[in-house]
Amino acid sequence: MKIVAALTDPANASLAEQQGADIIELRFDLMETDPAEAVRQCRSLSSLPIIATFRSEREGGRYFGSGDEWENRIRPLLLMVDFVDVEQGFARNAACVKEAGKQIIASHHAPIMMPLHVLFVLERELRSYGDIVKIIVTPRNESDIIELIAFTNEVKLSICTGVMGSTFRFARAVLPLFGSALVYCHVGSTTAEGQYSVEEFVRLRKMLIG
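Parameters at a glance
Residues numbered from 1 in each chain as written. Predicted model: local features only at pLDDT ≥ 70, side-chain atom pairs only at ≥ 80, totals over all residues. Heavy atoms only, no water. Pairing = 2+ DSSP bridges. Helix = DSSP H or I, 4+ residues; strand = E, 2+ residues; numbered from the N terminus. Axes fitted to C-alpha atoms, helices over the stretch in contact; angles between N-to-C directions. Contact = heavy atoms within 4.5 Å. Core = buried A, V, L, I, M, F, W, Y, C linked by side-chain atoms within 4.5 Å. Buried < 20%, exposed > 50% of the residue type's maximum accessible area, 1.4 Å probe, protein only. Polar contact = N/O pair within 3.5 Å; in protein donor to acceptor, adjacent residues only side chain to side chain. 1 Å grid on protein atoms, 1.4 Å probe; cavity = no way out; pocket = protein on both sides within 12 Å on 5 of 7 lines; lining within 4 Å. Points joined across faces, edges and corners; volume = space filled by probe spheres on them. Right-handed = clockwise from strand over helix to strand, strands pointing away.

## Comments concerning the sheet that holds strand S1 (residues 2-7)
Thought 1: The strand order across the open sheet built from 8 strands is S7-S6-S5-S4-S3-S2-S1-S8, with neighbouring strands paired in parallel fashion. Looking at strand neighbours, the two that pair on one side only are strand S7 (159-163) and strand S8 (182-186), the edges of this open sheet. The sheet shows a mean angle of 25° between the axes of neighbouring strands, direction not considered.
Thought 2: For strand S2 (residues 23-27) and strand S3 (residues 50-53), the ladder comprises 4 bridges, and the chain directions are parallel. Counterpart to Glu25 in the pairing with S3 is Ile51.
Thought 3: Along the sheet face, helix H8 (residues 198-209) touches S1 and S8 and points at about 170° away from the line of S1.

This is how it looks when you write it as structure tokens:
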């Protein structure tokens, strides 16, 4: 499992690396800084790979533009970053990321829990354009968590699963034990309710897997 430090301030990049993060996500939708300048600052402070993310309002972020506007914002960053988060709603704009040779994290964030068969259909749809599939859901109860674990365990290609909200926060620590490749944490301000800090998750990882 890799720890992703989701940052709203690129100045925290050095601290994220020191605390044990493996990858940095720059949440451009939550920043006032010019995205290119944010990447340059991040690069000057850290040697970690960078994920570029504009999370849309419909999936819990603060990016309000269209897919074409998203593409226009991403294009200038493609030579500067290592991964690009491409939401399912922007899938038709993913070609420019592929052409630049960058890894795509094909993502979907849902305010509900989906049945298992729907999760598998969604995984295939996201896999059609993404290198890593990221599916985040909102469980209603412990049974939903068990189904999400079963789904994660069954998918054999690179997958990241997680939960929205703090009610079932523990699932963020448990899902990597069953195959979730990425764990999104914070340094400084959280980017999602229920996130562990990088420091917290480094300690959890050590306790859970040694």
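## Re the nonpolar core
Thought 1: Among the nonpolar cores identified, the biggest contains 61 residues, and Leu26, Phe28, Trp70, Val86, Val97 and Ile135 are the most heavily contacted of them.
Thought 2: The residues contacting Phe28, other than those within four sequence positions of it, are Pro35, Ala38, Val39, Ala52, Thr53, Phe54 and Leu77.
Thought 3: Counting 9 residues, the second-largest nonpolar core is a separate cluster that includes Ile23, Ile105, Ile132 and Leu182.

## Some points on the environment of Arg55
Thought 1: In this fold, Arg55 is placed in the loop between S3 and helix H3 (67-74).
Thought 2: Sequence spacing of Arg55 and Ala91 is 36 residues, and the spatial spacing of their C-alpha atoms is 13 Å.
Thought 3: Setting aside residues up to four positions removed in sequence, Arg55 forms contacts with Glu25, Arg27, Asp29, Gly60, Gly61, Arg62, Tyr63, Asp85, Glu87, Ser107, His109 and Lys134.
Thought 4: There is a polar contact of 3.5 Å between the side chain of Arg55 and the side chain of Ser107.

## Some thoughts on the environment of His108
Thought 1: Within the secondary structure, His108 sits in strand S5 (residues 103-109).
Thought 2: Each C-alpha atom of the pair His108 and Asp131 lies 14 Å from the other, and the pair is 23 residues apart in sequence.
Thought 3: In contact with His108, not counting residues within four places along its chain, are Glu59, Gln88, Met114, Leu122, Leu126, Lys134, Ile135 and Ile136.
Thought 4: A polar contact of 3.2 Å, which involves the side chain of His108, links it to the side chain of Gln88.

## Details of the layout of surface pockets
Thought 1: The computed volume of the largest pocket comes to approximately 380 Å³.
Thought 2: In terms of lining residues, the largest pocket is bounded by 26 residues, among which His109, Lys134, Ile136, Arg172 and Ala192 are the most central.
Thought 3: Only S2, strand S6 (132-137), S7 and S8 provide two or more residues apiece to the lining of the largest pocket.
Thought 4: Of the residues forming the lining of the largest pocket, the biggest block, 4 residues, is contributed by S7.

## Quick word on the pairing of S6
Thought 1: Most of S6 sits out of view: 6 of its 6 residues are buried.
Thought 2: Alternating positions in S6 separate into two faces, Ile132, Lys134 and Ile136 on one and Val133, Ile135 and Val137 on the other, with burial throughout.
Thought 3: The sheet contact formed by S5 and S6 spans 5 bridges and is parallel. Each bridged residue has a counterpart across the sheet, and for His108 the counterpart in S6 is Ile135.
Thought 4: With respect to chirality, the unit in which S5 leads through helix H5 (residues 116-127) into the neighbouring parallel S6 is right-handed.
Thought 5: With 5 bridges joining them, S6 and S7 adopt parallel strand pairing. Looking at S7, one finds that Ile136 is bridged to Gly162.

## What to know about the pairing of S1
Thought 1: Among the 6 residues of S1, 5 are classified as buried, and the element is accordingly described as predominantly covered.
Thought 2: The sheet contact formed by S1 and S8 spans 5 bridges and is parallel. Bridge pairing in S8 places Val4 opposite Tyr184.
Thought 3: Note on the crossover from S1 through helix H1 (residues 13-19) to S2: the handedness is right-handed.

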